[in-house]
Amino acid sequence: MLSNVALAEDRVPLDWDQVLTDASPALLVQGAAGTGKTSLVLARFEQLVEHGCGPDQIVVLAPTASRAAALAARLEQRIDRGYERLRVLTPPELATAAS
């Protein structure tokens with residue numbers, strides 16, 4: 001879920017709709033603390049699921065295991081359909097999963 005759209009380091013994008021409806025298969029979200037990164041990732045995830053993508057087909061990267069667990073918990077609260085496995089990973093976990 002994470003490529004060619006990035007947040008400025010000090011603000012969220014002016015047009016969230018553009019980010020949420022971007023057709024690219026990946027989205028990179030960068031920014032300082034408090035800039036809305038998590039809210040944007042949650043909204044993007046919801047948008048993808050609402051438009052037919054299975055929750056288990058989306059990979060979300062988080063910087064640490066604790067952030068991944070917290071993000072996974074927030075995503076699970078928003079999913080109202082079944083899924084096999086929610087993939088909220090750290091970079092090392094993604095590297096291991098890809099091998």
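Since the structure is predicted, the reported quantities are computational estimates derived from the model, not experimental observations.

Rules of the game
- Residues numbered from 1 in each chain as written.
- Predicted model: local features only at pLDDT ≥ 70, side-chain atom pairs only at ≥ 80, totals over all residues.
- Heavy atoms only, no water.
- Core = buried A, V, L, I, M, F, W, Y, C linked by side-chain atoms within 4.5 Å.
- Buried < 20%, exposed > 50% of the residue type's maximum accessible area, 1.4 Å probe, protein only.
- Helix = DSSP H or I, 4+ residues; strand = E, 2+ residues; numbered from the N terminus.
- Salt bridge = Lys/Arg side-chain N within 4 Å of Asp/Glu carboxyl O.
- Axes fitted to C-alpha atoms, helices over the stretch in contact; angles between N-to-C directions.
- Parallel < 35°, antiparallel > 145°, perpendicular 65-115°, else oblique.
- Left-handed = near helix turned anticlockwise from the far one by under 90°.
- Contact = heavy atoms within 4.5 Å.
- pLDDT = per-residue confidence, 0-100.

Caption draft 1: Looking closely at the nonpolar core. Counting residues in each nonpolar core, the largest one holds 20 residues, and the members touching the most others are Phe-45, Val-60, Leu-71, Leu-75, Leu-86 and Val-88. When contributions to this core are tallied by element, the ones reaching two or more residues are helix H1 (16-21), helix H2 (37-50) and helix H3 (65-78). Per-element accounting of this core gives the leading share, 6 residues, to H2.

Caption draft 2: A look at the pattern of salt bridges. Within the structure shown, the criterion is met by 1 salt bridge. Arg-78 is paired through a salt bridge with Glu-46; the nearest N and O atoms lie 3.1 Å apart. Here Glu-46 lies in helix H2 and Arg-78 lies in helix H3, a separation of 32 residues in the sequence. Classification of Arg-78 as partly exposed rests on a relative accessible area of 37%. Judged by its relative accessible area of 26%, Glu-46 is partly exposed.

Caption draft 3: Structural detail: the packing of H2 against H3. At a minimum axis separation of 11 Å, H2 and H3 run at an interaxial angle of 45°. Judged by the inter-axis angle, H2 sits oblique to H3. As for how H2 packs across H3, the hand of that crossing is right-handed. Where H2 abuts H3, its residues Thr-38, Val-41, Leu-42, Phe-45 and Glu-46 lie against Arg-67, Leu-71, Arg-74, Leu-75 and Arg-78.

Caption draft 4: Structural detail: the environment of Ala-26. Within the element layout of this structure, Ala-26 appears in the loop between H1 and H2. Here Ala-26 falls in the buried class, since its relative accessible area comes to 17%. Between the C-alpha atom of Ala-26 and that of Val-60, which follows or precedes it by 34 residues, the distance is 9.8 Å.

Caption draft 5: The arrangement of the environment of Leu-27 in detail. Within the element layout of this structure, Leu-27 appears in the loop between H1 and H2. Distance from Leu-27 to Arg-44, taken between C-alpha atoms, is 9.0 Å for residues 17 residues apart in sequence.

Caption draft 6: How the structure looks around the confidence of the model for the protein chain. Residues at a pLDDT of 70 or more form 83% of the protein chain, whose mean pLDDT is 79. Predicted confidence in the protein chain is weakest over H1, with a mean pLDDT of 75, and strongest over strand S2 (residues 87-89), with 93. Low confidence marks residues 1-14, where pLDDT is under 50. Its contacts with residues over four positions away, or in another chain, come to 47 contacts.

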